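Now for the letters of each chain:
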Amino acid sequence: MFYSLLLNVKAENDGIIEYYPGRKIHGWFFSVLKSADERISNVMHSNISDKSFTVSSFLGRNVSRPLEVKQGEVYSIRITLLEDSLFELFSNKVFESTLKDENARFGNVTFKVLNLSVGQSNKWAGFTTEEELFNKDNTQTVVKLKFYTPTLFRIGDLHLREPDPEKVYTSLIRKFNKYSKVKLDENLVGKFKDIKILEKDTILKRVNFGEFYLQGFVGTVTFEVPYEDKLVEAVNVLSNFAFYSGVGYKSTMGLGQCKREEL
């Protein structure tokens, strides 16, 4: 299964997180894994591509400038997981930490872990299976994606900071086929270049990672798919999968957070 979990935390003190919070949250995620299973944490931390998780920054907060945190305020974080074993390991450890009244620390701010939501009561939480993705109406030749956080693609030492259908769907199919029991035809990758952008409403946003900045696009992009059964099905499946996988570079730190929108 694929999971999107919502974690609510409450600030225990005032403070300022100078740099992109997703980087700090990424570090906390690995500390949770390490305390649960050091071997798995080390494997996950190794330099493998297309990792089976993402963490967000604080949802709904501006990531382009330092974040002023207020004591007593509740902040939400999204964690997506593409493996059942990782979901069980992480969620059990967080529930255990909640029972023990343990805290998380991001920058100079301590946060109390309030709860972890797995259900679909919030638009950012949910779960699905490969079978459910394939059983949806996958016949739409026009699909719309909304990119909530800066999205970019790394090509060698260069960064592509504009929407590109081939890059979007190649990023998605690579991760989907790595973690799904049901695979899509890899030969479709060569056809992604034929997908057109019908409409886009995007702007560029910059993220401060401390030692460097990254810039990517946010906003909505509408794609038109050439009518070919297998290609149309794949684009529909991948467009729904994007909610769980993220898109592009640094998705494990919350860049490329994406969701399909109704037309």
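Residues numbered from 1 in each chain as written. Predicted model: local features only at pLDDT ≥ 70, side-chain atom pairs only at ≥ 80, totals over all residues. Heavy atoms only, no water.

S.K.: Would you explain the packing of helix α1 (residues 21-36) against helix α2 (residues 38-45) in this entry?
M.R.: How two helices sit against one another is set out by the angle between their axes and by the gap between those axes. The interhelical angle for the contact between α1 and α2, taken along N-to-C directions, is 145°, at an axis separation of 5 Å. Each of F30, L33, K34 and A36 in α1 lies in contact with α2, whose residues at this interface are E38, S41, M44 and H45. (Axes fitted to C-alpha atoms, helices over the stretch in contact; angles between N-to-C directions. Helix = DSSP H or I, 4+ residues; strand = E, 2+ residues; numbered from the N terminus. Contact = heavy atoms within 4.5 Å.)

S.K.: Looking at this structure, how should I read helix α5 (residues 165-179)?
M.R.: In an α-helix, one turn spans 3.6 residues; hence positions three or four apart end up facing the same way. Counted at 1.5 Å a residue, the expected span for α5 with its 15 residues is 21 Å, and the 22 Å between its end C-alpha atoms agrees. Counting buried positions over the 15 residues of α5 gives 11, a clear majority of the element. Looking at α5, one finds that the buried residues are P165, V168, Y169, T170, S171, L172, I173, K175, F176, N177 and Y179. The N-terminus of α5 is capped by D164, whose side-chain oxygen sits 3.0 Å from the backbone nitrogen of E166. (Expected span 1.5 Å × (residues − 1). Buried < 20%, exposed > 50% of the residue type's maximum accessible area, 1.4 Å probe, protein only. Polar contact = N/O pair within 3.5 Å; in protein donor to acceptor, adjacent residues only side chain to side chain.)

S.K.: How do you make sense of the pattern of salt bridges when you look at a structure like this?
M.R.: Pairs can form between side chains of opposite charge whenever their charged atoms are close. Applying the stated rule across the entire model yields 8 salt bridges. Ionic pairing is found between K191 and E228, a salt bridge with its closest N-O pair at 2.4 Å. Of this pair, K191 sits in the loop between α5 and β12 (196-208) while E228 sits in the loop between β13 (213-224) and α6 (229-245); the two residues are 37 residues apart in sequence, bridging distant segments of the chain. Residue K191 is classed as partly exposed on the basis of its relative accessible area of 30%. On the basis of relative accessible area, E228 is assigned to the partly exposed category, the value being 31%. (Salt bridge = Lys/Arg side-chain N within 4 Å of Asp/Glu carboxyl O.)

S.K.: Would you take a moment to explain the pairing of strand β5 (residues 74-81) for this structure?
M.R.: It is a general feature of regular strands that their side chains alternate between the two faces of the sheet. Buried residues dominate β5, accounting for 7 of its 8 residues. Here strand β3 (residues 53-58) runs beside β5; their pairing, made up of 4 bridges, is antiparallel. Each residue of the ladder has a partner; that of F53, found in β5, is L81. (Pairing = 2+ DSSP bridges.)

S.K.: Just to check I follow, could you spell out the sheet that holds strand β9 (residues 142-151) for this structure?
M.R.: Where strands meet in a sheet, backbone hydrogen bonds hold them as pairs that are either parallel or antiparallel. A sheet is described by the order of its strands in space; here 4 strands give the open sequence β12-β13-β9-β14, paired in antiparallel fashion. On the outer flanks of this sheet lie β12 and β14 (258-261), each paired with one strand and no other. Direction aside, neighbouring strands of the sheet carry axes that sit 20° apart on average. Alignment of β12 against β13, held across 12 bridges, turns out to be antiparallel.

S.K.: I would appreciate a short explanation of the nonpolar core in the present structure.
M.R.: The nonpolar side chains of a soluble globular protein tend to be buried, and buried together. V168, Y169, F192 and L238 are the most contacted members of the largest nonpolar core, which totals 36 residues. Elements represented by at least two residues in this core include exactly β1 (2-11), β9, α5, β13 and α6. Per element, the largest residue contribution to this core is 10 residues, and it comes from α6. Discounting residues that sit within four places of it in the chain, V168 has contacts with L145, F147, F153, F223 and V247. Core analysis: the second largest hydrophobic core is formed by 33 residues, Y3, M44, I79 and F106 among them. (Core = buried A, V, L, I, M, F, W, Y, C linked by side-chain atoms within 4.5 Å.)

S.K.: Help me understand the environment of N177, please; the structure alone is not making it clear to me.
M.R.: Within the secondary structure layout, N177 lies in helix α5. Once residues within four sequence positions are removed from consideration, N177 is found in contact with K183, L184 and E186. Of the polar contacts made by the side chain of N177, one reaches the backbone nitrogen of L184; its length is 2.8 Å. Side-chain polar atoms of N177 contact the side chain of E186, separated by 2.9 Å.

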